Amino acid sequence: MRAHRILIMLAGLMGAFGVMLAAAAAHLADASRLGAASSMLLFHATAVIGAVALTERGLLHAKIGLAAAIGFVIAATLFAGDLSLRQYAGHSLFPMAAPTGGTLLIASWLVLALSVVWPGKTSDRM
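Residues numbered from 1 in each chain as written. Predicted model: local features only at pLDDT ≥ 70, side-chain atom pairs only at ≥ 80, totals over all residues. Heavy atoms only, no water.

Trainee: Any chance you could explain the overall build of the chain here in plain terms?
Mentor: Counting secondary structure elements, the chain contains four helices and zero strands. For the chain, the spread of C-alpha atoms along the principal axes amounts to about 50 × 25 × 25 Å. The 126 residues of the chain split such that 39% are buried. Within the chain, contacts between residues separated by at least 24 positions form 70% of all contacts whose residues are at least 6 apart in sequence. Here the chain holds 8 positive side-chain charges and 4 negative ones, and the gap between their average locations is 9 Å. (Helix = DSSP H or I, 4+ residues; strand = E, 2+ residues; numbered from the N terminus. Buried < 20%, exposed > 50% of the residue type's maximum accessible area, 1.4 Å probe, protein only. Contact = heavy atoms within 4.5 Å. Lys, Arg positive; Asp, Glu negative; His and termini not counted. Charge placed at Lys NZ, Arg CZ, Asp CG, Glu CD.)

Structure, rendered in structure tokens:
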């Protein structure tokens, strides 16, 4: 599925930027925001890959699992982008951008949980 391939590509970019932010956090003074941004990207890059893989295997409701993966990408990017912009430019992406991203991450995890119990379009192989 094309959407799955795009999500995996985005997860790869999230992982790469997560590692770059971790390196910057280790070498820059007062860069604690970058450490948090790095963690959000790295953790959720793997969550995207996992959600796609589980959806492909039929263990998650296809559309709901896809929605969770898309939510992870958008939310982690929003969260990390806001923290990175604060670090490098001294201002936020927009008011409440990081908390909005964090809230969307929580919602995406709940959607992922829902995708395994929602009836239809999942496998009963569990």
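Trainee: Is there a simple way to explain the nonpolar core in this structure?
Mentor: Taken as a class, soluble globular proteins show a tendency for nonpolar side chains to be buried jointly. If you look at the biggest cluster of nonpolar residues, it comprises 28 residues, and the most contacted ones within it are Leu 7, Met 14, Leu 41, Val 48, Ala 69, Phe 72 and Leu 112. When sequence neighbours within four positions are dropped, the list of residues in contact with Val 48 reads Leu 7, Ala 11, Ala 69, Phe 72 and Val 73. (Core = buried A, V, L, I, M, F, W, Y, C linked by side-chain atoms within 4.5 Å.)

Trainee: What am I meant to see in helix H2 (residues 32–56) here?
Mentor: Quick reminder: α-helices carry 3.6 residues per turn. Residues three or four places apart thus point the same way. The terminal C-alpha atoms of H2 lie 37 Å apart, and with 25 residues this matches the ideal 36 Å at 1.5 Å per residue to within 8%. Leu 34, Ala 37, Ser 38, Leu 41, His 44, Ala 45, Ala 47, Val 48, Ala 51, Val 52 and Thr 55 are the residues of H2 that are buried. Backbone geometry just after H2 places Gly 58 at a positive phi near 85 degrees. (Expected span 1.5 Å × (residues − 1).)

Trainee: Explanation requested: the environment of Gly 18 in the structure shown.
Mentor: Here Gly 18 lies in helix H1 (residues 2–27). In this structure, the C-alpha to C-alpha distance between Gly 18 and Leu 93, residues 75 residues apart in sequence, is 18 Å. For Gly 18, the contacting residues outside a window of four places in its chain are Ser 38, Leu 41 and Leu 42.

Trainee: Looking at this model, I keep getting lost on H1. Mind explaining?
Mentor: For H1, which comprises 26 residues, the first-to-last C-alpha distance of 38 Å matches the rise-based estimate of 38 Å (1.5 Å per residue) to within 8%. Taken residue by residue, H1 has His 4, Leu 7, Ala 11, Met 14, Gly 15, Gly 18, Leu 21 and Ala 24 as its buried positions. Considering only its buried residues, H1 is in contact with H2 and helix H3 (62–89).

Trainee: Please clarify how the side chain of Ser 38 should be interpreted in this entry.
Mentor: Within the element layout of this structure, Ser 38 appears in helix H2. Looking at Ser 38, its side chain comes within polar contact range of the main-chain oxygen of Gly 18, at 2.6 Å. Contact partners of Ser 38, with chain neighbours within four places excluded, come to Gly 18, Leu 21 and Ala 22. (Polar contact = N/O pair within 3.5 Å; in protein donor to acceptor, adjacent residues only side chain to side chain.)

Trainee: Just checking my understanding: could you explain the packing of H2 against H3 for this structure?
Mentor: Relative placement of two packed helices is described by the angle separating their axes and the distance separating the axes. Here H2 crosses H3 at 165 degrees, and the two axes come no closer than 9 Å. Considered as vectors, H2 and H3 are oriented roughly antiparallel to each other. Relative to H3, H2 is oriented so that their crossing is left-handed. When its residues are assigned to classes, the contact of H2 with H3 shows 19 nonpolar, six polar and two charged. (Axes fitted to C-alpha atoms, helices over the stretch in contact; angles between N-to-C directions. Parallel < 35°, antiparallel > 145°, perpendicular 65-115°, else oblique. Left-handed = near helix turned anticlockwise from the far one by under 90°. Nonpolar A, V, L, I, M, F, W, Y, C, P; charged D, E, K, R; others polar.)

Trainee: Help me understand unusual backbone geometry, please; the structure alone is not making it clear to me.
Mentor: Excluding glycine, a negative phi dihedral is what most residues carry, and trans is how most peptide bonds are arranged. Notably, Asp 30 is not glycine yet its phi reads approximately 50 degrees, a positive angle. With respect to the helices and strands, Asp 30 occurs in the loop between H1 and H2.

Trainee: So what exactly am I meant to see when it comes to the packing of H2 against helix H4 (residues 97–117) here?
Mentor: H4 packs onto H2 with a crossing angle of 25 degrees between their chain directions and a minimal axis gap of 12 Å. Classified by the angle their axes make, H2 and H4 are roughly parallel. Seen along the crossing, H2 lies across H4 with a hand that is left-handed. Residue-level contacts link Met 40, His 44, Ala 47 and Ala 51 of H2 to Leu 105, Trp 109 and Leu 112 of H4.

Shape is all these values report; function is a separate question.
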